[in-house]
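Structural description and commentary
Residue strings, one per chain:
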Amino acid sequence: MRYGFYLTVLTLTIIGSLSASLRAQDTSKKAKEKGGKARDAAAVPTGVREYTSRNFVVRTDLTPDETKDLLERLETMITQVGRYWGKPNAQIIEMYVVKKPDVWPEGFFPPEAWQSILSGGGLTMSQTTVSVDRFAGTKTLLNAKSIVYAVADRGTPQHEAVHAYCVQTFGTSGPTWFAEGIAELGNYWRDKDVSVQIHPGVMEYLQNTEPVPLTEIVDLRQTTGDSWQNYAWRWALCHMLAFNPNYAARFRPLGLSILAEGNQTFESVYGSMAPEISFEYLQFLEHLDQGYRVDLCSWDWKTKAIGVRGKSQVQSRINAGRGWQATRLLTKADQSYAYTADGEWQLGKEGEKLTADGDEKGQGKLVGVIFDDYKLSEPFELGREGRWTAPQEGALFVRCQDEWNNLADNNGTVTLKLKLAE
Ligand SMILES: [Zn+2]
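Residues numbered from 1 in each chain as written. Predicted model: local features only at pLDDT ≥ 70, side-chain atom pairs only at ≥ 80, totals over all residues. Heavy atoms only, no water.

Okay, the packing of aromatic side chains next. Applying the stated criterion across every chain yields a total of 37 aromatic pairs. Centre to centre, the rings of tyrosine 96 and phenylalanine 109 are 5.7 Å apart; their planes meet at 85°, and the pair counts as edge-to-face. Of the two residues, tyrosine 96 sits in strand β4 (residues 93-98) while phenylalanine 109 sits in the loop between β4 and α3 (111-118), which places them 13 residues apart along the sequence. The exposure classification of tyrosine 96 matches that of phenylalanine 109, with both residues buried. Both rings, one in tyrosine 96 and one in tyrosine 149, keep their centres 5.4 Å apart while their planes meet at 10°; by these two values the pair is stacked. (Phe/Tyr/Trp six-rings, centres within 6.5 Å; stacked < 30°, edge-to-face > 60°. Helix = DSSP H or I, 4+ residues; strand = E, 2+ residues; numbered from the N terminus. Buried < 20%, exposed > 50% of the residue type's maximum accessible area, 1.4 Å probe, protein only.)

Quick look at the structure:
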């Protein structure tokens, strides 16, 4: 009988903490049973109320107005996250959201959850039952149930709700870099807006710290619940991969296959692109600020750079609203080139029309950089017309000088022509 090949595996997982004890698992089971029944006043402590919305049941000491606001944000987020992964949330997500810990009686929460809340964080406890077909080696998720414990700080409930969604929908939340990275993406998710808008403290940290290398972030030995600093790097990588058009198309299938099978790793999907990803990830972090758009600053890996000879020239159109753009020119060290950049552009919709010489402060000026072996030279100024001597060999990239986080409202293009100087 085929039935004999099946093996049912029950797994308990805790995301957001370093260890799981048996006691915590028991408590989580009890909480689950309690949560599935009709609510009575006795199920929650005094000062705590239960609220339900389409996808959530939340027990919290927040005020009704605060809870309404939270539920609206959670509902918007879970709808968009479900749409992104192509699987709408199908099961109520149960949450405890704590504003004032002293409202909650001692022993009410599993110890790990309590510890997490007291330290200002959150925890998602999940129980999954998977049927394993030992003949075919396939796994089928029979049921999964998560309970979220989170402080009421903006962001934590959303973050944990993404873990709950992943486990309840896919049976897992994936390796640490992915689970925590997409949970932070969900926390910051805004409809049809991929500009960076993150917590000011996280921004300050990322702007003032030497970047953690890519290989370290995706290292499978990384554990969840380690530090908010590590979460910041995971967010940065996942944000870049999810919204930079060079990698975005692979991010969703990678995620789905990580969530469905668990057999795809960062290396198996992106391994051959690691140098490109690492380069763009570092560029992202170098220019990171609120409002930065990875989609506008994606690197052009396709346009080939070529050397010019005799009277031949290369031509490119440079958009004021983008980051570094390929000129097609392969430079030679110490070689002089003549260039013209015809056209006008504007920094902002109401901005004055500028040539590639820019304004008196140098804003709007055509500037360049040389790319060689995944490294960039120091940027240098060009302009509307002139001669310029290449400091080194490599591919010339240019852009319109402007704040990196303020490119989206720029307008116009210039046509850049380059040839050997006479
Ligand atoms: Zn998390």
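Every protein donor of the zinc ion is listed here as His159 (NE2), His163 (NE2) and Glu180 (OE), and their distances to the metal cover 2.0 to 2.1 Å. In primary-sequence terms, the residues that donate to the zinc ion follow H-x3-H-x16-E. Taken as a pair, histidine 159 and histidine 163 lie in helix α4 (residues 156-170) at a separation of 4 residues, close to a single helical turn. On the basis of relative accessible area, histidine 159 is assigned to the buried category, the value being 6%. (Donors = N, O, S within 2.8 Å, 3.2 Å for Na, K, Ca; no water.)

Of note, arginine 328 is a non-glycine position whose phi angle comes to about 80°, a positive value. Tracing the backbone through its elements, the reader meets arginine 328 in strand β8 (residues 325-331). Positioned with a positive phi, aspartate 373 is a non-glycine residue whose angle comes to about 50°. On the secondary structure map, aspartate 373 appears in the loop between β11 (366-372) and β12 (375-376).

Right, let's talk about the packing of helix α5 (residues 176-188) against helix α9 (residues 248-260) for a bit. With their axes 11 Å apart at the nearest point, α5 and α9 run at an angle of 125° to one another. Taken together, the axes of α5 and α9 are oblique relative to one another. Helix-helix and strand crossings are classified by hand; for α5 and α9 the assignment is left-handed. In this structure, α5 uses Trp177, Phe178, Ile182 and Leu185 to contact α9, whose residues at the interface are Phe251, Leu254, Gly255, Ile258 and Leu259. (Axes fitted to C-alpha atoms, helices over the stretch in contact; angles between N-to-C directions. Parallel < 35°, antiparallel > 145°, perpendicular 65-115°, else oblique. Left-handed = near helix turned anticlockwise from the far one by under 90°. Contact = heavy atoms within 4.5 Å.)

The first and last C-alpha atoms of helix α2 (residues 64-84) sit 30 Å apart over 21 residues, in line with the 30 Å expected at 1.5 Å per residue. Thr67, Leu70, Leu71, Leu74, Glu75, Met77, Ile78, Gln80, Val81, Gly82 and Tyr84 are the residues of α2 that are buried. In the stretch just after α2, glycine 86 is the one whose phi turns positive, near 75°. (Expected span 1.5 Å × (residues − 1).)

Glancing now at the environment of glycine 186. The residue glycine 186 is located in helix α5 in this model. Among the residues examined, glycine 186 registers a relative accessible area of 2% and is labelled buried. Taking C-alpha positions, glycine 186 is 9.0 Å from glycine 155, a pair spaced 31 residues apart along the chain.

Moving on, we come to the confidence of the model for the chain. Predicted confidence across the chain gives a mean pLDDT of 87, with 88% of residues reaching 70 or more. Across residues 17-42, where pLDDT falls below 50, the model places 36 contacts with residues more than four positions away in sequence or in other chains. (pLDDT = per-residue confidence, 0-100.)

This next bit is on the environment of tryptophan 235. Positionally, tryptophan 235 belongs in helix α8 (residues 228-243). Classification of tryptophan 235 as buried rests on a relative accessible area of 2%. Here the alpha-carbon distance between tryptophan 235 and alanine 179, two residues 56 residues apart in the chain, equals 9.8 Å. Those residues in contact with tryptophan 235 that lie beyond four places of it in its chain are Gly181, Glu184, Leu185, Tyr188, Val196, Ile198, Leu206, Phe284 and Leu288.

A word on the packing of α2 against α4. In the contact formed by α2 and α4, the axes pass within 10 Å of each other and the chain directions differ by 40°. Between α2 and α4, the interaxial angle falls into the category oblique. Where α2 crosses over α4, the two elements pack in a sense that is right-handed. Residues Leu70, Arg73, Leu74, Met77, Ile78, Val81 and Gly82 of α2 form the contact with α4, whose participating residues are Pro157, Gln158, Ala161, Val162 and Tyr165. Looking at the contact of α2 with α4 residue by residue, the classes come out as 9 nonpolar, 2 polar and 1 charged. (Nonpolar A, V, L, I, M, F, W, Y, C, P; charged D, E, K, R; others polar.)

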